[in-house]
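# Understanding the architecture of this molecule
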Amino acid sequence: MRTLFLQAPSFEGFDGGAGSRYQARREIRSFWYPTWLAQPAALVENSTLIDAPPHRLKLAQIADQARDFDLAVLHTSAPSFASDVETIKALKTVNPALKAGFVGAKVAVDPAGSLKASPAIDFVARNEFDFTIKEIADGRSWSEIAGLSYRNADGVIVHNEERAILENMDLLPFVTPVYKRDLDIKNYFIGYLKHPYISVYTGRGCKSRCTFCLWPQTVGGHRYRTRSVEHVIAEIAWAKKAFPEVKEFFFDDDTFTDNLPRAEAIAKELSKLGVTWSCNAKANVPYATLKVLRDNGLRLLLVGYESGNQQILHNIKKGMRVDVARKFTKDCHALGITIHGTFIMGLPGETKETIEETIHFAPRSIRIRSRFRSPRRILAPSCSIRRCRTAGSTMRMPSSSTKTACKSRRCTIRI
Ligand code: SF4
């Protein structure tokens, strides 16, 4: 089947960014690669991937192409779901014979509710959907496709058996040739990564069980399933040649450092390719491993600290000790590894004191960028935190704001 993989145009104020359909709105224009869609696109011959938000494509431009396809697969999310349904309707207005459905965490956790939302949705592919979509595109009878929920000829919603989780990750073809064919990599910008960058996954799943986290609980699972070192290195070697302008590769696995010996093995092979790379990590990587990674091209770690308060970390089942995170941070600084740390305010048990503890946790400076637009957002009117302004923050605060001296004595944090 002629298959369109589509990250649909988003609505005002929602860029639909990170990793395909992130669940939150952000204040800056930055985009992760649509890797989750590129993966089945790599499996389906002659498919097309359209990532509308970073390429600033409007719905009318995409609907115009609807006749060119027999099948449309859209990555959806809770905030964009209603808008994504409208996209399917627009495609079907142009091409009524089109079969169209959704993938993504939103439909994985609520396939029945998602299908009931509109008769325009023909199917949803639950959980790990790569081969579910391939079988649809290959024309297999829908009643035989594991992991598929669909509306049958009588309009009845049917849920097929679960699809077995993918164990041999090397069965997944490279995604970077799809990037090369269908995407303009200049349109992918992340503030803390070198530009242009490319991100790929070398494995799926995360061993941790952080209560707030969307990913392992839905599509990825809690076992870190990985591609072989050779498979990863072959793709990076290919991409390095195909994209000579790329300044950095990013490994977007939930926690690339969940398997330390493998991370070290990949690093040593990457060193032979002479590439700069960065990855997601948990704040518990030992010094010896950090050194191996750094010595072999690692530039930056993206680290979910979440909180500087131990009880809050317990409350969210982070599986992390504050003293371990502190030592990890010190080790990274000593080795010259840049850290982009992420924190969450308002976790269960949060108080003004625990927020202050988190703010003081960062040893040098903490630049706060809020994901939320509300009068309670955290702002700082002076020093480096002033950069919040460039992210679109308003500096006006309610008169009842609590003022707290920042430990660095360079600014005032208002909560
Ligand atoms: S370590 Fe990161 S990816 Fe893993 S469950 Fe926690 S927040 Fe999610």
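Residues numbered from 1 in each chain as written. Predicted model: local features only at pLDDT ≥ 70, side-chain atom pairs only at ≥ 80, totals over all residues.

## Focus on the overall build of the chain
Across its full length, the chain carries 14 helices and 16 strands. When the 415 residues of the chain are sorted by exposure, 40% land in the buried category. (Helix = DSSP H or I, 4+ residues; strand = E, 2+ residues; numbered from the N terminus. Buried ≥ 20, exposed ≤ 12 C-beta atoms within 10 Å, placed from the backbone.)

## Brief notes about the sheet that holds strand β5 (residues 123-125)
Hydrogen bonds along the backbone pair up the strands of a sheet, which may run parallel or antiparallel. Read from one edge of the open sheet, 7 strands run β2-β1-β3-β4-β5-β6-β7, paired in mixed fashion. The open sheet terminates on both sides in strands that have one partner only, identified here as β2 (48-51) and β7 (157-159). Adjacent strand axes in the sheet meet at a mean angle of 20°, parallel and antiparallel pairs treated alike. Relative to β5, strand β4 (residues 99-103) is paired through 2 bridges, and the arrangement is parallel. From the neighbouring strand, F102 faces β5, where its bridge partner is V124. Running over the sheet, helix α1 (residues 35-43) touches β1 (3-7), β2 and β3 (71-75) and is turned about 175° from β1. (Pairing = 2+ DSSP bridges. Axes fitted to C-alpha atoms, helices over the stretch in contact; angles between N-to-C directions. Contact = placed C-beta atoms within 7 Å.)

## So, the pairing of β1
Summarising burial for β1: 5 of the 5 residues are buried, a large majority. Because side chains alternate across β1, one face comprises the buried residues T3, F5 and Q7, and the other comprises L4 and L6, equally buried. Note: β1 against β3, 4 bridges, orientation parallel. Bridge pairing links T3 to L71 in β3.

## Let's talk about the packing of helix α10 (residues 260-273) against helix α11 (residues 287-295)
Relative to each other, α10 and α11 sit at 20°, their axes nearing to 8 Å. As far as their axial angle goes, α11 and α10 are roughly parallel. At the point where α10 passes α11, the crossing takes the left-handed sense. Contact residues: α10 offers L260, A263, E264 and A267, while α11 offers T289, V292 and L293. (Parallel < 35°, antiparallel > 145°, perpendicular 65-115°, else oblique. Left-handed = near helix turned anticlockwise from the far one by under 90°.)

## Here we look at the confidence of the model for the chain
Summing up the model confidence of the chain, the mean pLDDT is 86 and the portion of residues at 70 or higher is 83%. Confidence over residues 370-415 falls short of pLDDT 50; this stretch has 65 contacts with residues more than four positions distant or in other chains. (pLDDT = per-residue confidence, 0-100.)

## Some thoughts on the site of the ligand
The environment of the ligand is formed by C206, S208, C210, C213, W215, P216, D254, T255, K282 and G304. Taken together, the residues of the shell around the ligand break down into 5 nonpolar, 3 polar and 2 charged. (Near = placed C-beta within 6 Å. Nonpolar A, V, L, I, M, F, W, Y, C, P; charged D, E, K, R; others polar.)

## Considering the packing of helix α9 (residues 229-242) against α10
The description of two packed helices rests on the angle between their axes and on the distance between the axes. Here α9 crosses α10 at 30°, and the two axes come no closer than 10 Å. It follows from the interaxial angle that α9 and α10 lie roughly parallel. Taken as a pair, α9 and α10 cross one another with a handedness that is right-handed. Every residue of α10 that contacts α9 at V229, V232, I233, I236, A237 and K240 is listed here: R262, A265, I266, E269, L270 and L273. Class assignment for the residues of the contact of α9 with α10 results in 9 nonpolar, no polar and 3 charged.

## Brief notes about the nonpolar core
Of all hydrophobic cores here, the largest spans 93 residues; its most connected members are L6, A38 and A72. Each of two domains, domain 1 (3-159) and domain 2 (190-373), supplies a minimum of three residues to this core. Excluding its chain neighbours within four sequence positions, the residues that come into contact with L6 are I50, I62, A72, V73 and L74. (Core = buried A, V, L, I, M, F, W, Y, C linked by C-beta atoms within 7 Å. Domains from an automatic or database assignment.)

## So, the sheet that holds strand β11 (residues 248-251)
As summarised here, the arrangement of the 5 strands in space is β8-β11-β12-β13-β14, forming an open sheet in which the pairing is parallel. Every interior strand has two partners, whereas the edge strands, β8 (197-200) and β14 (338-343), have only one. Between one strand and the next, the sheet's axes are offset by a mean angle of 20°, whatever the strand orientation. Of the pairings in the sheet, the one linking strand β12 (residues 277-281) to strand β13 (residues 298-306) comprises 5 bridges and is parallel in character. Note that in β13 the partner of A281 across the bridge is V303.

## Focus: helix α6 (residues 130-137)
A large share of α6 lies buried, amounting to 7 of its 8 residues. By the burial criterion, the buried members of α6 are D130, F131, T132, I133, E135, I136 and A137. Those residues of α6 that are buried lie in contact with β1, α1, β3, β4, β5 and β6 (148-151). G139 sits one or two positions beyond α6 and adopts a positive phi of about 85°.

## So, unusual backbone geometry
With omega at 0°, the peptide bond leading from H195 into P196 counts as cis. The topology assignment puts P196 in the loop between α7 (176-182) and β8. In the Ramachandran plot, E306 falls in the positive-phi region, its phi being about 70° despite a non-glycine side chain. Examined against the element boundaries, E306 turns out to sit in strand β13.

## Let's talk about the environment of D130
Mapped onto the fold, D130 is located in helix α6. Using a count of 22 C-beta atoms within 10 Å as the deciding quantity, one classes D130 as buried. The sequence separation of D130 and L37 amounts to 93 residues, and the corresponding C-alpha distance is 8.4 Å. Beyond its immediate stretch of four places on either side in the chain, D130 contacts Q39, P40, L43 and L172.

## Quick word on the environment of A146
Checked against the element boundaries, A146 lands in the loop between α6 and β6. Distance from A146 to F131, taken between C-alpha atoms, is 9.0 Å for residues 15 residues apart in sequence. In this view, A146 contacts T132, N160, E161, E162 and R163; residues no more than four positions away in its chain are not counted.

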